[in-house]
Amino acid sequence: MTKTKTDKSVTALPLNTILDGDCIEAMNALPANSIDLIFADPPYNLQLRGDLHRPDNSRVDAVDDHWDQFDSFKVYDQFTRAWLKAARRLLKPDGALWVIGSYHNVFRMGAELQNQGYWILNDVVWRKSNPMPNFRGKRFTNAHETLIWASKSEGAKYTFNYEALKALNDGVQMRSDWVIPICNGGERLKDENGDKAHPTQKPEALLHRILVGTTNPGDVVLDPFFGTGTTGAVAKMLGRDFIGIEREESYRKVAEKRLSRIRKFDKSALEVTASKRAEPRVPFGQLVERGMLRPGEVLTSMNGKQAKVRADGTLIGDGIKGSIHQVGAHLEGAPSCNGWTYWCIRRDGKSVPIDIFRQQIRAEMNN
């Protein structure tokens, strides 16, 4: 991995690299329609007024860095408008964007996303299982942040690994409220003085869920506010390419050291559960064309209903002609039927589901 100074002449993607410079200039120097996913954790513009102390009067290490300070909402909105415009130019037509923020900035970003033609797919609440208390006791504890997931435009395609996210969630559909702890313990990176290397370091678990759910191995993930490199670290482990942009030298140094220790998981470990809709479509007629089933053979359901195979890949049974699905639904008096799992054929004295033949063709198509 190398560090590259931003240059307007950049035409190729500097994969697995941290770019040194202003994020807007750096993004504008990259080729259009080249990025699969952008994860952005921009400055929050917290508008802090004075120091914050715990009940024992110790000072809280809050976000008071210069990069989070803007003169006004107008200035912050101009910044937001510029970087979101640069980001949209970079996204492929089927690319997508994730942004994360607090109540200070996420609503302003959401409005600008819609102004620029992005299409919001979900807002996700990251509920922190171990939030920092509200020491002054004058407001609710800020126990969550909000993520916005958006496609490049209305109607655009995007990656969503539904079955993989369901598997991550113990077989239950993934919801839009995620309970994940903030960084602590060994995951929290420290600088040479033993202090937090970055005040808003995101947990790897958060990026793991995002990248497994909305990217595929080999995709290019851009983080224009790279910080200490959580996005890059998780992308590297998961077999995705990353591009980071970070203007603060101290953060780049920590990120480079961190990334040098990361190793990609092996290929088999990177495979995720795919949606059945994503598998190649195999018409029933192909089984007939290829001689796996012969015209005139009789298919039988698990409860003894029968239908005969015809040369054009349709069935005839009980006075009805149609597809494997239509005939099965008619025989069962049901509004629909999955013919692939409904019908079986006798082979060597055994009842064999016809879906076995479909899976055989799919395996050949994937080789």
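Just so it is clear, the model here is predicted, and its values are computed rather than measured. (Residues numbered from 1 in each chain as written. Predicted model: local features only at pLDDT ≥ 70, side-chain atom pairs only at ≥ 80, totals over all residues. Heavy atoms only, no water.)

Our focus in this paragraph is the sheet that holds strand E14 (residues 343-347). What the six strands build is an open sheet, ordered E13-E12-E11-E10-E14-E15; its pairing is antiparallel. At either end of the open sheet lies a strand with only one pairing partner, and these are strand E13 (320-322) and strand E15 (350-353). The sheet shows a mean angle of 35° between the axes of neighbouring strands, direction not considered. The pairing of strand E10 (residues 298-301) with strand E11 (residues 306-309) spans three bridges and is antiparallel. Note that in E11 the partner of Thr300 across the bridge is Gln306. Packed onto the sheet, helix H10 (residues 324-332) meets E11, strand E12 (315-317), E13 and E14 and runs at close to 150° relative to E13. (Pairing = 2+ DSSP bridges. Helix = DSSP H or I, 4+ residues; strand = E, 2+ residues; numbered from the N terminus. Axes fitted to C-alpha atoms, helices over the stretch in contact; angles between N-to-C directions. Contact = heavy atoms within 4.5 Å.)

To continue, consider the packing of aromatic side chains. Enumeration according to the criterion identifies 11 aromatic pairs in this entry. Relative to Phe225, the ring of Trp83 lies with its centre 5.3 Å away and its plane at 85°, an arrangement referred to as edge-to-face. Here the residue Trp83 occupies a position in helix H2 (residues 73-90), and Phe225 occupies one in the loop between strand E8 (220-223) and helix H6 (230-237), the gap between them amounting to 142 residues. With respect to class, Trp83 is no different from Phe225; both count as buried. Geometrically, the ring pair formed by Phe284 and Trp340 is edge-to-face, given 6.1 Å between the ring centres and 65° between the ring planes. Of this pair, Phe284 sits in helix H9 (residues 284-289) while Trp340 is found in helix H11 (residues 339-342), placing the two residues 56 residues apart along the sequence. Just as Phe284 is buried, Trp340 falls in that class too. An aromatic cluster is present here, built from Trp98, Trp149, Tyr158, Phe160, Tyr162 and Trp178 joined pairwise through their rings. Sitting over the face of the ring of Trp126, Lys128 holds its NZ or CZ atom 5.1 Å from the ring centroid. (Phe/Tyr/Trp six-rings, centres within 6.5 Å; stacked < 30°, edge-to-face > 60°. Buried < 20%, exposed > 50% of the residue type's maximum accessible area, 1.4 Å probe, protein only. Lys NZ or Arg CZ within 6 Å of the ring centre and 35° of its normal.)

What follows concerns the packing of H2 against helix H3 (residues 106-115). Between H2 and H3, the shortest axis-to-axis distance is 10 Å and the interhelical angle comes to 45°. Overall, the two elements H2 and H3 adopt an arrangement that is oblique. You can see that H2 and H3 cross each other, and the crossing is right-handed. Counted together, Phe73, Tyr76, Asp77, Thr80, Arg81, Trp83 and Leu84 of H2 and Arg108, Met109, Glu112 and Leu113 of H3 form the full contact between these two elements. Its residues assigned to classes, the contact of H2 with H3 shows six nonpolar, one polar and four charged. (Parallel < 35°, antiparallel > 145°, perpendicular 65-115°, else oblique. Left-handed = near helix turned anticlockwise from the far one by under 90°. Nonpolar A, V, L, I, M, F, W, Y, C, P; charged D, E, K, R; others polar.)

We now examine the packing of helix H5 (residues 204-214) against H6. Look at H5 against H6: their axes get within 9 Å of each other, and the N-to-C directions meet at 55°. The angle between H5 and H6 falls in the class oblique. For the pair H5 and H6, the crossing hand works out as right-handed. Counting all contacts with H5, which are made through Glu204, Leu207, His208 and Leu211, the residues of H6 involved are Thr230, Thr231, Ala233, Val234, Ala235 and Met237. Its residues assigned to classes, the contact of H5 with H6 comprises six nonpolar, three polar and one charged.

Within the secondary structure, Asp355 sits in helix H12 (residues 355-366). Within the structure, Asp355 has its side chain in polar contact with the side chain of Arg358 (distance 2.6 Å). (Polar contact = N/O pair within 3.5 Å; in protein donor to acceptor, adjacent residues only side chain to side chain.)

Another aspect to go through is the environment of Asp355. Residue Asp355 is classed as buried on the basis of its relative accessible area, which comes to 17%. In the structure, Asp355 is positioned 14 residues away from Thr341 in sequence and 6.3 Å away in space, judged by C-alpha atoms.

It is worth spelling out the environment of Val124 at this point. Examined against the element boundaries, Val124 turns out to sit in strand E5 (residues 119-127). When the C-alpha positions of Val124 and Leu147 are compared, they lie 4.9 Å apart, and in sequence the two are 23 residues distant. Aside from chain neighbours lying at most four places away, what touches Val124 is Trp98, Glu145, Thr146, Leu147, Ser176 and Trp178.

A few words on the side chain of Asn105. Along the chain, the position of Asn105 falls in the loop between strand E4 (91-101) and H3. Take Asn105: its relative accessible area is 0%, and that puts it in the buried class. Among the polar contacts listed, one links the side chain of Asn105 to the side chain of Tyr76, at a separation of 3.0 Å. Within polar-contact distance, the side chain of Asn105 engages the backbone nitrogen of Ser102 at 3.0 Å. What Asn105 contacts, discounting residues up to four positions off in sequence, is Pro42, Pro43, Tyr44 and Tyr76.

If you walk through the whole model with that rule in mind, you get 14 salt bridges. The salt bridge partner of Glu248 is Arg247, with a shortest N-O separation of 3.5 Å. Here Arg247 falls in the partly exposed class, since its relative accessible area comes to 47%. For Asp355, the salt bridge is made with Arg358, and the minimal N-O distance between the two is 2.6 Å. Taken as a pair, Asp355 and Arg358 lie in helix H12 at a separation of three residues, close to a single helical turn. The same class applies to Asp355 as to Arg358, namely buried. (Salt bridge = Lys/Arg side-chain N within 4 Å of Asp/Glu carboxyl O.)

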